[in-house]
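# Per-entry structural report
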2 protein chains.
Amino acid sequence: MQHQETNFFKEQLRTGEALYLPSISVDCVIFGFHAGQFKVLLLKYKHNNKWALPGGFVYKDEDVENAAIRVLNERTQLKDIFLQQFYLFGDVERSKEKHAEKLLQEEGIEDIDAHWLQQRFVTAGYYALVEYNKVKPVPDALSSECTWHSITDLPDLIIDHKQIIEKGLQVLRRQLNFQPVGYNLLPEVFPIKELQLIYETILGKKLDRANFQRKILSYGILDKKEKHYSGGAHKAPYLYSFNKESYFKALENGLAKEW
Amino acid sequence: MQHQETNFFKEQLRTGEALYLPSISVDCVIFGFHAGQFKVLLLKYKHNNKWALPGGFVYKDEDVENAAIRVLNERTQLKDIFLQQFYLFGDVERSKEKHAEKLLQEEGIEDIDAHWLQQRFVTAGYYALVEYNKVKPVPDALSSECTWHSITDLPDLIIDHKQIIEKGLQVLRRQLNFQPVGYNLLPEVFPIKELQLIYETILGKKLDRANFQRKILSYGILDKKEKHYSGGAHKAPYLYSFNKESYFKALENGLAKEW
């Protein structure tokens, strides 16, 4: 399987110009939430040991959004992922880092400067929200690793991929009250504390526990579940799940402006 | 001047492939506010009498955003326009309407199907906010007219340009509390009623006058000016101007969620 994908990729290096729309790529900021931390899924390139966002090119007969969905699906093995296009990164500057040069040399490509991978690309940034435990990260043919990294401790990334992550977070912050953020990041049932942690991480500040609980419950978007007795029963918090209907209705007008 | 631009354009039809980044264009939704109405600036194409958003291509050594700025400047004769990229329109479908075909025939281009203008383009949508009275609309070389149209009464538009306007409005609605909307649409001094009309138009609903006035004044972002006595003095409303410093500070956290 991996071997097949590698051959497919070597073939594409030679035929990509005929397959793909020139100048435009997609990059995906895949956000997961685990152990109280916001994480993004990154690939480690074999040819230069640098890290990069999962991304790819757009087939000539493919919608740009479908290219992003394809990339997300290949890297996470998940379908029906929540994703949002958030920005087109279109500066000339970003094409100056010729990060594929070494790869093309290794593959014995002639006339590297004229190769389609070396041309200028603008990239459409998409963010995705996934339930961390459901993802089975799979490296692409260029990469040796596909792993989660805390957004507060990112490794060196190619080109402008760090700025792409930062912009994605910034947009997510603005959209927090209009998008089903918690719904897509959390499992079916969860303690309110987990939801609060997500809000705190996206907003970049601590929130008062009682205040958050009062506000979030006031929307009628959470259903209280049976208390889950696991060991120290008196300490176990109530678990909740989203009431999908009232949640999506509340998002239409936006939730609280201030948390 | 107009004649020169026409020659320049004819030349570009033949040389554009070498000048421009393939696959990517920009389209600008230029919002103005006049006589209580939200308007957009549209071009009427000579070759098919259809209307279109002001747009253009991206030079190979030009940032995508700078291409949008160039288009805005050429059509409005204004510099330093407030603009925001809001969406990349990337569906395959949009390349199916070959609206330039007649133009290429008229220009005697051979092998029209292979011409660069006939290839698939994805387009980056930018919205701009301008002070209506400052704009001197100038058609481009393709167009016979460049005029304002009320967003509630749009003519037939090429490709997906109507959806681009709708998406621009939708994003503007979401950003109303975070972007200096009134500041860019209104003249230096204005009655509060004008600002209320802008909010009502963007939000698509009537607002209570006293309530709006109370809320907007509570932010301390408006400076009251001398009453302007013009004729029926007892009826003249107070005029206000934005206090730029406190306005931009207030926007960082966002204004009221509900108006």
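Residues numbered from 1 in each chain as written. Chains lettered and ligands numbered in written order. Predicted model: local features only at pLDDT ≥ 70, side-chain atom pairs only at ≥ 80, totals over all residues. Heavy atoms only, no water.

## Examining the relation of the copies chain A and chain B
Between chain A and chain B, which share one sequence, the superposing operator has a rotation angle of 180° and an axial displacement of 0.0 Å; the RMSD is 0.0 Å. On the angle and the small slide along the axis, the relation comes out as a two-fold axis. (Least-squares fit on C-alpha atoms with pLDDT ≥ 70 in both.)

## Side note on the pattern of salt bridges
All names here are of chain A. On inspection of all chains with the given rule, the structure shows 17 salt bridges over all chains. Between R75 and E74 there is a salt bridge whose closest N-O contact spans 3.6 Å. On the accessibility criterion, R75 (4% relative accessible area) is buried. Note on E74: relative accessible area 33%, which makes it partly exposed. R94 is paired through a salt bridge with D160; the nearest N and O atoms lie 2.6 Å apart. Taken together, the positions of R94 in the loop between β5 (82-89) and α3 (101-106) and D160 in the loop between β7 (143-150) and α4 (161-175) put the pair 66 residues apart, joining distant regions of the chain. (Salt bridge = Lys/Arg side-chain N within 4 Å of Asp/Glu carboxyl O. Buried < 20%, exposed > 50% of the residue type's maximum accessible area, 1.4 Å probe, protein only. Helix = DSSP H or I, 4+ residues; strand = E, 2+ residues; numbered from the N terminus.)

## Quick word on the domain arrangement of chain A
All names here are of chain A. Its domain assignment divides chain A into domain 1 (2-175) and domain 2 (190-253). When each unit is reduced to the centre of its C-alpha atoms, the spacing between domain 1 and domain 2 is 33 Å. Counting residues at the interface gives 6 residues for domain 1 and 6 residues for domain 2. Of the roughly 610 Å² buried between domain 1 and domain 2, counting both surfaces, carbon and sulfur atoms make up 75%. Taken as a group, F33, F38 and R173 account for 72% of the area that domain 1 buries against domain 2, more than any other trio of residues on that side. At the junction of domain 1 and domain 2, the tally comes to 1 residue pair in polar contact (both at pLDDT 80 or more). Class assignment of the residues belonging to the side of domain 1 that touches domain 2 gives a composition of 4 nonpolar, 1 polar and 1 charged. (Domains from an automatic or database assignment. Contact = heavy atoms within 4.5 Å. Buried area = accessible area lost by both parts, 1.4 Å probe. Polar contact = N/O pair within 3.5 Å; in protein donor to acceptor, adjacent residues only side chain to side chain. Nonpolar A, V, L, I, M, F, W, Y, C, P; charged D, E, K, R; others polar.)

## Digging into the interface of chain A and chain B
Taken residue by residue, the interface counts 30 residues in chain A and 30 residues in chain B. Buried surface at the junction of chain A and chain B, both sides included, amounts to about 2300 Å², of which 54% is carbon and sulfur. Summed over the shared surface of chain A and chain B, the result is 14 residue pairs in polar contact (both at pLDDT 80 or more). Of all the elements in the fold, those that place two or more residues in the side of chain A that touches chain B are β1 (20-34), β4 (55-59), α2 (64-76), β5 and β6 (122-129) of chain A. Its residues assigned to classes, the side of chain A that touches chain B shows 14 nonpolar, 6 polar and 10 charged.

## A closer look at the sheet that holds strand β9 (residues 222-224) of chain B
Residues and elements named next belong to chain B. The strand order β8-β10-β9 describes an open sheet built from 3 strands, whose pairing is antiparallel. Whereas interior strands pair on both sides, the edge strands pair on one side only; in this sheet they are β8 (190-191) and β9. Two elements, β8 and strand β10 (residues 239-242), share 2 bridges in a ladder whose sense is antiparallel. By the bridge assignment, P191 is partnered in β10 with L239. (Pairing = 2+ DSSP bridges.)

## Examining the confidence of the model for chain A
Residues and elements named next belong to chain A. The pLDDT averaged across chain A works out to 90; a share of 94% of its residues lies at or above 70. By mean pLDDT, helix α1 (residues 2-19) is the weakest element of chain A at 76, and β6 is the strongest at 98. We note a pTM of 0.91 for the whole complex and an ipTM of 0.90 for its interfaces. (pLDDT = per-residue confidence, 0-100.)

## Considerations on the sheet that holds strand β8 (residues 190-191) of chain A
Strand order across the open sheet formed by 3 strands is β8-β10-β9 (chain A), with antiparallel pairing between neighbours. Of all the strands in the sheet, just β8 and β9 (222-224) of chain A have a single pairing partner and so form its edges.

## Considering the environment of S143 of chain B
With respect to the secondary-structure elements, S143 of chain B resides in strand β7 (residues 143-150). Within the structure, S143 of chain B has its side chain in polar contact with the side chain of D140 of chain B (distance 2.6 Å).

## Thoughts on the pairing of β6 of chain A
Residue and element names in this part refer to chain A. Most of β6 is tucked away, with 8 of its 8 residues classed as buried. Burial along β6 is two-sided: V122, A124, Y126 and A128 and T123, G125, Y127 and L129, pointing in opposite directions, are all buried. Taken together, the 8 bridges between β1 and β6 define a ladder with parallel strand orientation. Residue C28 lies in a different strand from β6, and its bridge partner there is Y126. In this structure, β5 lies alongside β6, joined through 7 bridges in antiparallel fashion. Looking at the pairing, L83 lines up with A128 of β6.

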